[in-house]
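Coordinate analysis (summary)
Chain by chain, the residues:
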Amino acid sequence: YEIRPRDWSSDVCSSDLIYPNRFVFSEAGKFSKILPVKIPLNLHFKPGHELISIQSQPEYIRLFGDSSVLKSIDTVFTMGLTQFNTEKGFKTSLSLILPDSGIRMDVQKINCEIQVGRWTQKSILKKINVLGNCPNVKIIPETVSVRFLKLESENTNAATDNLKACILPYCNRSEEHT
């Protein structure tokens, strides 16, 4: 092919024989791309239960194939996961869906772990602390019973050490409000 200036007085070249003037070269199987894996979920829980977390391994996979096909793919999906009346966590293996017949994947299945928790009601006694410097403030009673709901997995209990009961009184003008 010949590329020559359109006008001999110009430095701009044009191609009379090559159209389009932009080429995309593609070679099957020579390119790769790392993509996230997504799991279509349809989980239904028993009353009082809820999803805590989903962990999948691997979270990303590598695809091999034609560069023009890989360019159009941004996510790899697994087969759907449907569960009814779920009350306990479980582990499963899910097959990946091949996005295009000309693509190869380095992994065919992923392992998935679903953690399910149960809402439990807890009751504890906590001492009430006064925030700030208020020597004239006395709290009666000094302890209160606190009830709360906590989403717990099968293997853990609610941590109550970080729960504090505090009062922030209006201490700056205590002589006006006594």
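In every chain, residue numbers begin from 1 and rise along the written sequence. In keeping with the predicted nature of the model, local features appear solely for residues at pLDDT of at least 70, side-chain atom pairs appear and are counted solely at 80 or more, and the whole-chain, interface and lining totals rest on all residues. As a rule here, side-chain values come from all non-hydrogen atoms in the structure, and water together with hydrogens is ignored.

As for the pattern of salt bridges
Our working definition: The term salt bridge refers to a side-chain nitrogen of Lys or Arg lying within 4 Å of a carboxyl oxygen of Asp or Glu. Numbering of helices and strands starts at the N terminus; helices are DSSP runs of H or I of at least 4 residues and strands are runs of E of at least 2. Whether a residue is buried, partly exposed or exposed follows from its accessible area with a 1.4 Å probe, protein chains only, as a fraction of its type maximum: under 20%, in between, or over 50%, in that order.
Scanning the entire structure with this criterion turns up two salt bridges. A salt bridge links Glu 87 to Lys 46, with the shortest nitrogen-to-oxygen separation between them at 3.3 Å. Pair noted here: Glu 87 is in the loop between strand S8 (81-86) and strand S9 (90-95) and Lys 46 is in the loop between strand S4 (41-45) and strand S5 (49-57), with a separation of 41 residues, a long-range link. With a relative accessible area of 31%, Lys 46 lands in the partly exposed category. Put simply, Glu 152 and Lys 122 hold a salt bridge, and the shortest N to O gap is 3.6 Å. One end of the pair, Glu 152, is in strand S12 (residues 143-153); the other, Lys 122, is in strand S11 (residues 109-130), and 30 residues separate them in sequence. Under the relative-accessibility criterion, Glu 152 is labelled buried at 9%.

Concerning unusual backbone geometry
In this chain, Gln 57 is followed by Pro 58 through a cis amide linkage whose omega measures 0°. Of note, Asn 85 is a non-glycine position whose phi angle comes to about 55°, a positive value. By secondary structure assignment, the location of Asn 85 is in strand S8.

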